[in-house]
Amino acid sequence: MTAHTAPPRRPSARRQLGTAGEQMAARALQERGLSIVEMNYRCAEGEIDLVARDGDAWVFVEVKTRRGDRFGTPEEAVTPRKQAKLITVADNYLQTHNLGDADWRIDVVAIAMDAHGRLQRIDIIDHAVTH
């Protein structure tokens, strides 16, 4: 008797786009001199795409990638509800890593691609979410 295992699931097109966007964002941030500490930090409260260092400051980065503008710009996807969640997750990270007094901010990297998946722009918005 042999055990049957399901074939590995392929990531959805949406997840593939998100992963590609996170990789592009990480490169763009590194080109600016930031160091990527962690990708896809998850906790009970949610997820932050990138955790980076900019000198002494901790930077929590939300990456929004859009193909076309049918659902709005990438920046518009960071709603007040999403902003509140990002603050909560960043606070969790800081507390979990005993960094309660650290200087920190939340940035957004907005990536727009055309309908064919060609990069149109990458905008890095420092201090995009105030806490």
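Structural data are supplied above this passage.
Just so we're clear, the structure is a prediction, and the values are computed from it rather than from any experiment.

### Overview of helix 2 (residues 80–96)
It helps to recall that an α-helix has 3.6 residues per turn; residues three or four apart then point in one direction.
Right, so step 1: With 17 residues, helix 2 extends 24 Å between its outermost C-alpha atoms, agreeing within 8% with the 24 Å of an ideal straight helix rising 1.5 Å per residue.
Right, so step 2: Taken residue by residue, helix 2 has Leu 86, Val 89, Ala 90, Asn 92, Tyr 93 and Leu 94 as its buried positions.
Right, so step 3: Tucked inside the fold, the buried residues of helix 2 contact strand 1 (35–43), strand 2 (46–54), strand 3 (57–67), strand 4 (104–113) and strand 5 (119–129).
Right, so step 4: A positive backbone phi angle near 50° is found at Asn 98, which sits one or two residues after helix 2.

### Thoughts on the sheet that holds strand 4
Right, so step 1: Strand order in this open sheet of five strands is 1-2-3-4-5, and the pairing throughout is mixed. The two strands at the open ends of the sheet, each matched to only one other strand, are strand 1 and strand 5. Neighbour-to-neighbour, the strand axes of this sheet turn through a mean angle of 30°, independent of strand direction.

### Focus on the pattern of salt bridges
Right, so step 1: Here the structure, examined in full by the defined rule, presents 10 salt bridges.
Right, so step 2: Between Lys 64 and Glu 62 there is a salt bridge; the shortest N-O distance is 3.3 Å.
Right, so step 3: Its relative accessible area of 16% is what places Lys 64 among the buried residues.
Right, so step 4: Since its relative accessible area comes to 3%, Glu 62 is described here as buried.
Right, so step 5: With its nearest N and O atoms 2.9 Å apart, the salt bridge here joins Arg 121 to Glu 75. One end of the pair, Arg 121, is in strand 5; the other, Glu 75, is in the loop between strand 3 and helix 2, and 46 residues separate them in sequence.
Right, so step 6: Here Arg 121 falls in the partly exposed class, since its relative accessible area comes to 26%.
Right, so step 7: Accessibility expressed as a relative area gives 26% for Glu 75, which makes it partly exposed.
Right, so step 8: In the salt-bridge network here, residues are joined through shared partners; they are Arg 32, Asp 54, Arg 105, Asp 107 and Asp 126.

What counts, and at which threshold
- Residues numbered from 1 in each chain as written.
- Predicted model: local features only at pLDDT ≥ 70, side-chain atom pairs only at ≥ 80, totals over all residues.
- Heavy atoms only, no water.
- Helix = DSSP H or I, 4+ residues; strand = E, 2+ residues; numbered from the N terminus.
- Expected span 1.5 Å × (residues − 1).
- Buried < 20%, exposed > 50% of the residue type's maximum accessible area, 1.4 Å probe, protein only.
- Contact = heavy atoms within 4.5 Å.
- Pairing = 2+ DSSP bridges.
- Axes fitted to C-alpha atoms, helices over the stretch in contact; angles between N-to-C directions.
- Salt bridge = Lys/Arg side-chain N within 4 Å of Asp/Glu carboxyl O.

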